[in-house]
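Listed below are the residues making up each chain.
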Amino acid sequence: TGGSGNRVDPETGLPLAYNKQLIEAYWRSQGSALRDRWGEFLKLSVPFLLKLATLLVQDGTDGLSRNDRELAVDAREICQKLGPTFIKLAQTLSVRPDVLPPAALEELAILQDAVQPFDTDIALAQIQTELGEPADVFFSEISPEPVAAASLAQVYKARLRSNNQWVAIKVQRPQVLATVSKDLYVLRRAAEIYQRLIDRFAPQQKTNYVDLLNTFAVGFYSELDFLNEVQNQKRIRAILVDQDTNKAKNGVYVPKVYDEFCTARLAVTEWIEGKALNEIDDQSIRELIPYAQEAFLTQLLKEGFLHADPHKGNWKAFTSPDDRGKLALLDFGLVSTIAEEDREIMISTLVHLANKNFERLVDDFIDLKILPANTNRQTVVPLMDKALSPYIAGGGAQKFQERVLQSYGVAEDGRGAIGGFQAMTQDALTVLRDVPFSIPSYFALLGRALVTLEGIALSGDPDYAMIQSAYPYVSRQLLRGDTPRVRDALREALYANKEPGASFNARRLVALISASSNHQVTMSDSSAFIDLDTVADDVNDAEALRLVFDFVLSKDGEILRQVLRPEALAAADVLSRQFARRTFDAAVRALRPNVASLPLIGASVDAIIPDLTRAPLVLPGSNGVPKLVSSRALLDAVAPELEQDDELFALDLFNLLKSVDGQNSPLVSALSTNDVVSEPIQFLRSLFNLIVSAPQGSLFRNLPFSPLQDGAESVLLSTLQRLDPDRRLILDQFVTDVLENLRDDALARLRPIFSSST
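Summary of the structure given here.

Our focus in this paragraph is unusual backbone geometry. Even without a glycine there, the phi angle at Gln 175 is positive, about 65°. Within the fold, Gln 175 resides in the loop between strand E4 (166–172) and helix H7 (176–201). The phi dihedral of Lys 369 is positive, around 70°, even though this residue is not glycine. Checked against the element boundaries, Lys 369 lands in the loop between helix H12 (358–367) and helix H13 (377–392). Classification of Lys 369 by relative accessible area gives exposed; the value is 58%.

Structure follows, in C-alpha cells:
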C-alpha cells in the first residue's frame, strides 16, 4: 500500500518498501551485523528460557504460576531490549486473556503505548529535518514530553499555528528501519529453515510459511513509511466516516490527516481526546465492542481493506459525549487487503460456521484454498465438528480447551484422560497425515487482526463468541449482496439447502431479517450454534411483520425481492390455475341441463347430452388458418391440472381468499364483474388490493401452515396500510412484475396450440 515504490531511505540506503533481495544484499554488506543480532537475541532469551525450563522440571506448571509476575516482567523487558519487531509480537499476545495469565497480560500491556520514549530534542530535530524548518514555525504549542511512546514512533500533542487546531504529531524512532529490516531478514531465514523441515517430514502439509512471513513482513515494513500510513488512514476514514458531516457512520471515528505536514518519518493528524481501551474498565469495553466489531466487519467483508493491528492502544474511547462517534481508531501503518472473491466466500463461511453446516464449510475452505479440491469429506467433516464447534460457542482459548476435552470424554477431575488423550492424539495425527490443509498468505495479517480484536472483546466479556456476534452483520451482507456467490448463500439460507425442489422457509426469512436488525440471534438448545429456523424471542408477530415489510420494500431489499419473486409467481400461478379450473367446472355445471333428477328417464337423458367441453371451438391459427380446439383442451393448456403438491399449496391459498368476509365479501363482488375477461392484469391487481384492504379478522385464520398467531392478520393489514409512499410504489411495481410474468407464462402455454398443425 501507499507510495514507497522504489524509494530508499537517504540515511541508511535501505528500501522504504519491503524487498527481500535488496534487504538481503544490504545486510550481507554489513559485515558481522547479522551475527551480532543473533548474539544479542541469544544473550537475552536463553537465560529466560532456561529459567522457564528449570521451573517446569522442578515444580511443573505450579512453579510457573508462583513466579508468573517475575517471569512476566522479564519477558516484557526482553522484548523492549530486542526492539520493535519483538514488541509487536508481544503486543499481539497482550490482548489474549484466554492464553496468558493476568500478570503477563498486565506487563505486556505496558508495551501497547508505554514503550521507553526517546529524547524530545531528538524528536524536534527530526521534525525540523522532515519539514525543513523548526517545529515552532508550524506549531504554536508542543507537549514537552511525548503523550505516548510505541514500538515504531512516539506521539506529541500540538496546536497548529495556522488554524489553532489540536493535532497529534507522530515521530519515527531513530534507526528503527535498520532494526526492523534486520529482524525481518533473520526471521525470513528461520522461516526458510522451518519450511524445509516441514517439506521433509510433513510433505502433505501445503502451507507456505515463507509466504506467510513475507506477507507479515510486507505489512510490518510498510508501517515504517508514514506516507503509506496516512494514505491508509484516509482510505479507511472514507469507509467509516461521513465526509460531509465528519461523523462516524456506525460509531467508530477516524481522525483527519494533515497532508502538508506528512513525510516518510512524520505524520500529523487530528487530535482525539480520549482514553485508550487499556485505560478503561471491562464493562466499558464490553459496551464499546459492538462498535469496534461493526467497523472491523465493514472493512473486512464490505471493503476488503482493513486495519490489521487493532490492539487496545490503537483505540480511543471519547472521554466526553462527542458527536463524532463512540470510539476513534488510530495508527494505520499495518493494513490488509482481501480480494472481493475471498470476501464473498468468507460471508458464506461465516453463515456455515454460525449454523455448523460443516458439509458446506468444506466447500468454502476449498474455495479459499485452505483445503484441496479432492478433500476426503468423510475424514474432514467429523474433525471440523470437533475442532470448530468448541470455538463457535465462544469464550476464547480456555473455554475452547475445556470443551475439546469434554468432547473427548475427559472430565474436569481427570477421569477418562487416558482414552480421551489417545483419541485426541489420533485425530491430531490424522490431520497431519491425511488432511493437506494450507493457510493462504493473506491470513498472516487477517489472522493477527482477528486474534487481537477477539482478545479485546474477551477482556470485556469472557463469554464473547465472535462468530455469533458477527452474524447480524453477515445477515445484512447476505440480504444486500449483489454478487452471484452471495445470492447463492442467501438462497441457501432461505431454502435450507441448494437442492432442486427445496421449499422456501418463511421463518428463516423473518429470522434473517430480525438478526440483520441487531435483534438477538436464537441459539440451538442442543449445542451452541445459531438456529436459522427460529425467530429471536424479542421479536413478536407485529415486530416480525414490520421488519419484513420494511426491509423487503426498501431500496436495500432489491436482491431479496429478486429471490422472493419466483415464490410470489408460483403462488399466483397455482392460485390462478385453480381458480380457472374451478370457474370452468362451475360454468359447465351451470350450462348443463339438470335432467339427472328427473324420475325414470333422468339418468338416460343425462347420458346422451353431449359434453360441451369437448366441442370444437374455432380459433385463429398461424398463417391465418383457423384452428379447431375444444374448450377443455384450451383450459388444460392455459391452466394445467395441479400436481399433488400444487393441490396442497392451492388449498392453503384458497382458504386464505375464502376467509375474506364470507359470501358478502368485496372479493365475491369483484369476481362477478367482467374485469377478468377485459383487463386481466388490472383485475388481478384489484384482487390483491382487496386482499390487502380486507376487514380485520378475516385473513390467515384458516392457514394451517401460518406461523402467525390469532389476531396477527390485523397486524398485517395495519402494517400494509401504514406503508410510506416509497414502499407502496415498490410494492405496486413488485405486484405488477409478478402479474405480468403470470400473463406471459399463460401465453407461452397457449402458443403450442395456435402453432400446431392439427
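On the surface, Trp 38, Leu 42, Val 46 and Leu 50 cluster together to form a nonpolar patch covering roughly 370 Å² of accessible area. Here Val 46 is to be found in helix H2 (residues 33–66).

The mixed open sheet is built from four strands, whose spatial order is E7-E12-E11-E9. Two strands lie at the open edges of the sheet, namely strand E7 (252–253) and strand E9 (274–276), each paired on one side alone. As judged from the two bridges shared by E7 and strand E12 (residues 327–329), these two strands associate in the parallel manner. Residue pairing for E12: Val 252 is matched across the bridge by Leu 327. Helix H10 (residues 282–303) rests against E7, strand E11 (315–318) and E12 of the sheet, and its axis sits at about 40° to E12.

Tallying each qualifying case throughout the model produces 30 salt bridges. A salt bridge links Glu 70 to Lys 51; the nearest nitrogen and oxygen atoms lie 2.4 Å apart. Placement of Glu 70 in helix H3 (residues 68–82) and of Lys 51 in helix H2 is noted, with a sequence separation of 19 residues between them. For Arg 485, the salt bridge goes to Asp 367, with nearest N and O atoms at 2.5 Å. With a gap of 118 residues between them, Arg 485 in helix H18 (residues 484–495) and Asp 367 in helix H12 connect regions that are remote in the sequence.

Scoring rules and cut-offs
Residues numbered from 1 in each chain as written. Predicted model: local features only at pLDDT ≥ 70, side-chain atom pairs only at ≥ 80, totals over all residues. Heavy atoms only, no water. Helix = DSSP H or I, 4+ residues; strand = E, 2+ residues; numbered from the N terminus. Buried < 20%, exposed > 50% of the residue type's maximum accessible area, 1.4 Å probe, protein only. Patch = residues over 30% accessible without salt bridge, like charges linked within 9 Å, V, L, I, M, F, W, Y side chains within 5 Å. Areas by Shrake-Rupley, 256 points an atom, 1.4 Å probe, with all protein chains shown as cover. Salt bridge = Lys/Arg side-chain N within 4 Å of Asp/Glu carboxyl O. Pairing = 2+ DSSP bridges. Contact = heavy atoms within 4.5 Å. Axes fitted to C-alpha atoms, helices over the stretch in contact; angles between N-to-C directions.

Worth remembering: the numbers are spatial, not functional.
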